[in-house]
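Here's the letter readout for the chains.
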Amino acid sequence: MPTHFSYPPPALQDELKKTAETIVAPGKGILAVDETNEGIGKLLASVGLQNTENNRRRYRQLLFTTDDSLSDYVSATILFDETVYQKTEDGTPFMQVLKKKNIIPGIKLDKDVVPLFLSEDEITTQGLDDLAKRCAEYKKQGCRFAKWRCPLKIGEHTPSVQAIEDTAHVLARYASICQSEGLVPIVEPDVLLDGDHDIVRAQKVTEVALAALYKALNDHHVYLEGTLLKPNMVTPGQGYPKKSTPEQVAQATVTALLRGVPAAVPGIAFLSGGQSEEEATANLNAINRVNLKKPWALTFSYGRALQASVWKTWAGKDENVKRAQLELLKRAKANGLASRGSYDGILTSSAGDKSNFSKNHKY
Ligand code: 13P
């Protein structure tokens, strides 16, 4: 049986809790820019640029040098390893730029997916081996939180018990190691949009995955007040013939979360998962408006749904930087409002209702 020693020391608890609560402060959310070099390479190719370190740096510089008002809506940003060490044109480290803006840097820690042997064509994430050492290094560089994503596929016989248990265990080990090094773990069980299932199936799978996850976090003595959850919203699969309304998505999503996520967790920051920019905002807004109990902050941790218009407007050209930054501000503001349930639908964007879905999406 666990003993009374099974909690982090009080000072560490305080630090973790404070960081987690700051990230999900009212009206704020997370800008996810932790695309791997391969992931950002596809985006660079879409604007006719080569996947060089300098082009990746130029794009990230555009984001991080957006007007200071960005931090009215964005409390934190998730980085990829390379980004932690990159600088602006004038030699200022990105980490310094973010600190000055009051945006908390975090780090993607999973090292992508590999096949889960003898499963139903499912996957697992890797990166646990040297994790404590990597956490300590990122903490030294100024990161205060981390994220780790485990995708789960809905199919006729999936996710399997094997995949659900593996996801829960891997996320629990990751979370426990993060906390031991003073980083707030964002745990991300991502029930994918891929598939032709209906919303009821998506809800049930999400509930089962969350139940397994919080059992494992508890088994590993993870201090829940110092964690955040980054789940999928509950929607029908991409291939399902009929879309659900934001109100239906909100009802299914909050119901699933109420059944699986302890109220001790300070906040839930959704991934956008291939939804269009406007869908992701409208759904978040409805989630915050739905007439159900909501013991946690409910906000955004979007990648594609904050950046699609930025890429479209930038198009790889220096003369478009300012306009692209305005697009980022607009999406950040819309989602900040949605996280309070007060978005009125008028902040449209250039990539607007264009789907950001791609099959087996790689970050
Ligand atoms: P999307 O919002 O593009 O799904 O990205 C979320 C994510 O997990 C990146 O950190």
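Bear in mind the structure is a predicted one, so any value in this text is a computation, not a measurement.

S.K.: Quick question: what am I supposed to make of the overall build of the protein chain here?
M.R.: Looking only at helices and strands, one finds 12 helices and 10 strands in the protein chain. Relative to the 2.2 N^0.38 estimate, which gives 21 Å for 363 residues, the radius of gyration of the protein chain is 19 Å and therefore close to what a compact globule would have. Counting the 363 residues in the protein chain, one finds 59% classified as buried. Taking all contacts inside the protein chain whose residues are at least 6 apart in sequence as the whole, residues at least 24 apart take part in 79%. Summed over all atoms, the accessible surface of the protein chain reaches about 15600 Å², with 53% contributed by carbon and sulfur.

S.K.: Help me understand the site of the ligand in this model?
M.R.: Taken together, 13 residues lie around the ligand, and Asp34, Lys147, Ser272, Gly273 and Tyr363 are the ones closest in. For the ligand, an oxygen atom lies 2.8 Å from a polar atom in the side chain of Asp34. In the environment of the ligand, an oxygen atom lies 2.8 Å from a nitrogen or oxygen atom belonging to the side chain of Glu188. Protein contacts shield 99% of the accessible area of the ligand, which totals 310 Å² for the unbound molecule. Looking at the shell around the ligand residue by residue, the classes come out as 4 nonpolar, 4 polar and 5 charged.

S.K.: What should I look at first to understand the pairing of strand β10 (residues 297–302) in this one?
M.R.: Residues in a regular strand project their side chains so that they alternate between the two faces of the sheet. The buried fraction of β10 is high, at 5 of 6 residues. Bridging between strand β1 (residues 29–33) and β10 involves 2 bridges; their strand directions are parallel. Opposite Leu31, over in β10, you have Tyr302 as the bridge partner.

S.K.: Quick question: what am I supposed to make of helix α5 (residues 94–101) here?
M.R.: Among all positions of α5, only Phe94, Met95, Val97, Leu98 and Lys101 are buried. Angularly, the buried residues of α5 cover 160° about the axis, an arc narrow enough to put them on a single face. Residues of α5 that are exposed and angled more than 90 degrees away from the buried face: Lys99 and Lys100.

S.K.: Any chance you could explain the pairing of β1 here in plain terms?
M.R.: Among the 5 residues in β1, 5 count as buried, and that is most of the element. Pairing geometry for β1 and strand β2 (residues 74–79), over 5 bridges, is parallel. Bridge pairing in β2 places Ile30 opposite Ala76.

S.K.: How do you make sense of the packing of aromatic side chains when you look at a structure like this?
M.R.: Two aromatic rings, taken as a pair, are described by how far apart their centres are and by the angle between their planes. Scanning the model with the defined rule gives 6 aromatic pairs in all. Aromatic side chains Phe64 and Phe94 sit 5.1 Å apart centroid to centroid with 80° between the ring planes, which places their arrangement in the edge-to-face category. Taken as a pair, Phe64 in helix α3 (residues 53–64) and Phe94 in helix α5 lie far apart in primary sequence, 30 residues in all. Consider the rings of Phe300 and Tyr302, whose centres lie 5.8 Å apart with planes at 45°: the pair is tilted. Of the two residues, Phe300 and Tyr302, neither departs from the other in class, the shared state being buried.

S.K.: Whenever I open this one, the nonpolar core confuses me. Can you help?
M.R.: Side chains that are nonpolar tend, in soluble globular proteins, to be buried together. By size, the foremost hydrophobic cluster in this structure holds 80 residues, and its most contacted members are Leu109, Tyr174 and Tyr214. A per-element tally of this core places helix α7 (residues 161–180) first, with 9 residues. Apart from the residues within four sequence positions on either side, Tyr214 is in contact with Val187, Leu224, Leu229, Gly260, Val261, Pro262 and Val265. By size, the runner-up hydrophobic cluster in this structure holds 16 residues, among which are Leu16, Ala20, Ile104 and Phe145.

S.K.: It is not clear to me how the environment of Asp90 should be interpreted in this structure. Could you clarify?
M.R.: Tracing the backbone shows Asp90 in the loop between α4 (81–84) and α5. A residue is classified by how much of its surface remains accessible, and Asp90, at 62% relative accessible area, is exposed. Engagement of the side chain of Asp90 in a polar contact is seen with the side chain of Thr88, the distance being 2.5 Å. At a separation of 2.8 Å, a polar atom in the side chain of Asp90 contacts the side chain of Thr92.

What counts and what doesn't
Position numbers for residues count from 1 along each chain, tracking the sequence in the order it is written. Confidence filtering applies because this is a predicted model: local features only for residues at pLDDT of at least 70, side-chain atom pairs given and counted only at 80 or more, and all residues used for totals across whole chains, interfaces and linings. For side-chain calculations, the full set of non-hydrogen atoms in the structure is used, while hydrogens and water are omitted. Counting from the N terminus, the helices are the DSSP runs of H or I reaching at least four residues and the strands are the DSSP runs of E reaching at least two. Each radius of gyration reported is based on C-alpha atoms, and the globular scaling rule is 2.2 Å times the count of residues to the power 0.38. The rule is simple: take the accessible area with a 1.4 Å probe, protein chains only, and divide by the maximum for that residue type; under 20% is buried, over 50% is exposed, in between is partly exposed. Here, residues are in contact when the closest pair of their heavy atoms is within 4.5 Å. Calculation of accessible area relied on Shrake-Rupley with a 1.4 Å probe; when residues are assessed, cover is drawn exclusively from the protein chains displayed. We call a residue near a molecule or strand when any one of its heavy atoms sits within 4 Å of it. What qualifies as a polar contact is a pair of N or O atoms within 3.5 Å, subject to a donor-acceptor requirement within protein and to the restriction that residues adjacent in sequence count only when both atoms come from side chains. In the scheme used here, Gly and all other residues not listed as nonpolar or charged are polar, with Ala, Val, Leu, Ile, Met, Phe, Trp, Tyr, Cys and Pro taken as nonpolar and Asp, Glu, Lys and Arg as charged. At least two DSSP bridges between two strands are needed for those strands to be called paired. An arc is given here, and it is the one of the directions from the helix axis to the C-beta atoms. Only rings of Phe, Tyr and Trp enter the pairing, Trp through its six-membered ring, and a pair is recorded when the two centres are within 6.5 Å. The plane angle decides the type: under 30 degrees is stacked, over 60 is edge-to-face, the rest tilted. Residues enter a nonpolar core if they are buried and are Ala, Val, Leu, Ile, Met, Phe, Trp, Tyr or Cys, with the set joined through side-chain atoms within 4.5 Å.

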